Amino acid sequence: MSKRKEIGDKVVDKDAMVDDDSGDDDDFDVLDVDFEWFDPQPEVDFHGIKTLLQQLFDVDAQLFELSALTDLILSQPTLGSTVKVDGNETDAYAFLSVLNLQQHKEQPFMGKIIQYLQTKSRSKPELAPLADLLSQPTIPSIGLILTERLINVPSEVVPPMYSMLLEEIQWAIDDKEPYNFSHYLILSKTYTEVASKLDAEENRPTKKKKKAAGTSFETMYFHPEDEVLHRHAVCHGGYDYSTKQDEGHSDSKRAFQELGIKPQGHAILISADKFKDAVQDVAEYLKPQA
């Protein structure tokens with residue numbers, strides 16, 4: 001049976017605020033939630049991790065064999081973590097794992113992911129260093145980090161997963177297992193707010209329509225730690241998903257009343273010698289407020 005992972009001497013407590021729908025922005029219910037960290041376990045974690053992978057890859061999830069990818073993640077239970085609330089037998093609220101692209105490149109489902117990443121990195125000049133690595137005759141020992149969490153899970157659960165990963169990788173290296181990486185490649189997601197197609201169809205003054213059409217929106221991060229990881233990166237950048245959506249898709253993902261959102265894939269490449277510092281900076285940035 002897998003042992004529960006703990007941080008320090010206790011599991012971290014986190015207060016989560018839930019709106020009670022009273023209409024008063026200052027009126028919240030406060031829930032005291034205990035988050036627990038576990039080793040990934042094939043007997044209980046297949047469904048939860050596969051669901052989180054679908055969320056991570058968004059509309060392009062259908063391009064990949066996520067069942068095979070989930071099985072591979074679960075085949076290395078001493079590497080990576082799941083985060084749960086109601087004990088070991090429940091689905092994960094978050095997970096983090098790392099896979100060796102060089103070791104698994106011959107597996108067809110992993111080959112599809114590598115080809116996908118090659119195509120995306122070649123399409124963006126800012127990702128040229130990643131494109132160069134993935135285009136080498138023999139792909140270097142790159143650690144592909146896959147991590148995702150449910151939208152309402154606080155970001156404070158992230159630093160323990162990365163810190164434990166560093167320890168577990170070192171233990172694996174000491175045991176002569178193939179986890180001595182040259183780089184780490186972290187896949188993530190961003191989004192931009194976009195003007196609503198529904199609003200554009202309404203009868204509004206022409207000047208307002210022109211102003212909305214010319215407005216540019218900044219990139220927002222589903223994972224706030226990504227901006228910290230950028231500081232240590234060889235390269236980072238976003239890319240459009242391959243699966244096209246109809247014009248109303250952004251409206252179905254409205255972040256605010258007036259705006260829809262357009263998600264994008266995001267890649268961050270960090271050399272192995274910078275990764276420990278990156279993890280430490282993420283822990284400092286996401287440190288719970290006193």
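Computed from a predicted structure; not experimentally measured. (Residues numbered from 1 in each chain as written. Predicted model: local features only at pLDDT ≥ 70, side-chain atom pairs only at ≥ 80, totals over all residues. Heavy atoms only, no water.)

In this section: the overall build of the chain. A count of helical and extended segments in the chain gives ten helices and eleven strands. Counting only residues that meet the buried cut, the chain has 48% of its 290 residues in that class. Excluding contacts between residues fewer than 6 apart, the proportion of contacts in the chain whose partners are at least 24 apart in sequence is 77%. Just so you have it, the chain exposes about 15,400 Å², and 49% of that area is on carbon and sulfur atoms. (Helix = DSSP H or I, 4+ residues; strand = E, 2+ residues; numbered from the N terminus. Buried < 20%, exposed > 50% of the residue type's maximum accessible area, 1.4 Å probe, protein only. Contact = heavy atoms within 4.5 Å. Areas by Shrake-Rupley, 256 points an atom, 1.4 Å probe, with all protein chains shown as cover.)

The residue proline 263 is located in strand β11 (residues 259–271) in this model. On the basis of relative accessible area, proline 263 is assigned to the buried category, the value being 10%. Taking the C-alpha atoms as reference, proline 263 lies 9.7 Å from glycine 238; in sequence the two are 25 residues apart.

This part takes up the confidence of the model for the chain. Averaged over every residue, the pLDDT of the chain is 84; residues scoring 70 or more account for 76%. The model gives residues 7–23 a pLDDT under 50, and that stretch makes 39 contacts with residues more than four places away or in other chains. With pLDDT under 50 throughout, residues 206–214 is counted as low confidence; its partners more than four residues away or in other chains account for four contacts. (pLDDT = per-residue confidence, 0-100.)

Turning our eyes to something else, we now look at unusual backbone geometry. In the Ramachandran plot, aspartate 58 falls in the positive-phi region, its phi being about 55° despite a non-glycine side chain. By the secondary structure assignment, aspartate 58 is in the loop between α1 (42–57) and α2 (66–74). Exposure remark for aspartate 58: the relative accessible area of 14% places this residue in the buried category. Although it is not a glycine, lysine 176 sits at a positive phi angle of roughly 60°. Tracing the sequence through the fold places lysine 176 in the loop between α6 (158–174) and β8 (183–195).

Of the residues making up α2, those classed as buried are Leu66, Leu69, Thr70, Leu72, Ile73 and Leu74. Taken together, the buried residues of α2 touch α1, β6 (94–100), α3 (101–104), α4 (108–122) and β7 (142–149).

Applying the stated criterion across every chain yields a total of seven salt bridges. Aspartate 240 serves as the salt-bridge partner of lysine 262, at 3.7 Å between the closest nitrogen and oxygen. With lysine 262 in strand β11 and aspartate 240 in the loop between β10 (235–239) and β11, the pair connects residues that are 22 residues apart, well separated along the chain. Under the relative-accessibility criterion, lysine 262 is labelled partly exposed at 37%. A salt bridge links lysine 287 to glutamate 284, with the nearest nitrogen and oxygen atoms 3.1 Å apart. (Salt bridge = Lys/Arg side-chain N within 4 Å of Asp/Glu carboxyl O.)

Enumeration according to the criterion identifies eight aromatic pairs in this entry. When the centroid spacing of 4.9 Å and the interplanar angle of 55° are considered together, the rings of phenylalanine 57 and phenylalanine 64 count as tilted. Under the relative-accessibility criterion, phenylalanine 57 is labelled buried at 5%. With 6.1 Å between their ring centres and 80° between their planes, tyrosine 116 and tyrosine 239 make a pair best called edge-to-face. Taken together, the residues tyrosine 116 in helix α4 and tyrosine 239 in strand β10 connect sequence positions 123 residues apart. Tyrosine 239 shares its class with tyrosine 116; the two are buried. Through a chain of ring-to-ring contacts, the aromatic side chains of Tyr162, Tyr179, Phe181, Tyr184 and Phe275 assemble into a single cluster. (Phe/Tyr/Trp six-rings, centres within 6.5 Å; stacked < 30°, edge-to-face > 60°.)

Residues Leu53, Phe57, Leu69 and Leu146 are the most contacted members of the largest nonpolar core, which totals 38 residues. At six residues, α4 tops the list of elements feeding residues into this core. Residues within four places of phenylalanine 57 in sequence aside, it is in contact with Phe64, Leu66, Leu69, Leu146, Leu187 and Tyr241. Counting residues in hydrophobic clusters, the runner-up holds 32 residues, among them Val33, Leu96, Val158 and Tyr179. (Core = buried A, V, L, I, M, F, W, Y, C linked by side-chain atoms within 4.5 Å.)

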